[in-house]
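# Reading the structure
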Amino acid sequence: MMRTLVALLGTAVLLLTGCGTAPRQAPTAASTAPPPTTVTFRTPTGFRSAHDYTILVPLTPHGDAQWRVPSGEPEGLDVIFVESYVLSADSDRWSDARKRRQIHDWAGKVHATRASEPTRATVAGLPAYQQRINQPDGDDTLRYDATFVFTGRFLVQVGCQWDQHPTLIRTACRQVLATLTIGAV
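Read on for a plain summary of the structure. (Residues numbered from 1 in each chain as written. Predicted model: local features only at pLDDT ≥ 70, side-chain atom pairs only at ≥ 80, totals over all residues. Heavy atoms only, no water.)

## Quick word on the pairing of strand E11 (residues 140–151)
Selection criterion: Should DSSP find at least two bridges between two strands, the strands are regarded as paired. Strands here are runs of E lasting at least two residues and helices are runs of H or I lasting at least four, both read from the DSSP assignment and numbered beginning at the N terminus.
Relative to E11, strand E10 (residues 126–137) is paired through 10 bridges, and the arrangement is antiparallel. Bridge pairing links Gln135 to Leu142 in E11. Where E10 folds back on E11, the antiparallel hairpin that results is connected by 2 residues, among which Gly138 adopts a positive phi of roughly 65°. In sequence, E11 turns back onto strand E12 (residues 154–162) through a hairpin of 2 residues, with Gly152 there showing a positive phi of about 60°.

## Quick look at the packing of aromatic side chains
The cut-off we apply is this: Ring pairs shown here join Phe, Tyr and Trp side chains whose ring centres sit within 6.5 Å, with only the six-membered ring taken for Trp; geometry is labelled stacked below 30 degrees between planes, edge-to-face above 60, and tilted in between. Residue burial is assigned from relative accessible area. The probe radius is 1.4 Å, only protein chains are included, and a residue is buried under 20% of its type maximum, exposed over 50%, and partly exposed in between. For a lysine, the NZ atom is tested; for an arginine, the CZ atom; a charge sits over a ring if that atom is within 6 Å of the ring centre and within 35 degrees of the ring normal.
Enumeration over the complete set of coordinates arrives at 4 aromatic pairs. On the numbers, 5.6 Å between centres and 25° between planes, the contact of Trp106 with Phe148 is stacked. Taken together, the residues Trp106 in helix H1 (residues 96–109) and Phe148 in strand E11 connect sequence positions 42 residues apart. Note on Tyr129 and Phe150: the rings are 6.1 Å apart at their centroids and 80° apart in plane angle, and the pair reads as edge-to-face. Taken together, the residues Tyr129 in strand E10 and Phe150 in strand E11 connect sequence positions 21 residues apart. Phe150 matches Tyr129 in its accessibility class, with the two residues each being buried. Geometry around Trp162 places Arg170 over its ring, the cationic atom sitting 4.2 Å from the centre.

Pasting the structure below:
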């Protein structure tokens, strides 16, 4: 049985499966898009990598994700993920207004019932925006903070979804954002 667990912050829904990661479509040989940019960060103390999630509604066709969940806790809706995407255009040429519109469009893809106005931030020395999202999931509401980091043709999204452990997730999320390193492949 599959349960929807996590909304890709502002844009996609993740699915936890009991038997592992669902297959991802590999880029075709005709694809001209570069691979996603490399992203590294320190896993927060008390967290572990998770591999049984997949992106159901990706922001772009080319992406790569990493997930961290609290160690020793029952699996639930508490999760941090970092997704690297390839954009169709150079975001360094986009105005702040265009980036904000794009973030609003992504929130619309997941039918967010609440999406705060994106606020400007700097993450890993790059322009970023942060937004709080409430997204319906059946009879539940998923709540998470999304950070969108733009760099050239790449977007890195850090998602911090809380359920049973909001303080733990928010603290760990700050640690991930503080140690995030983004570099072109």
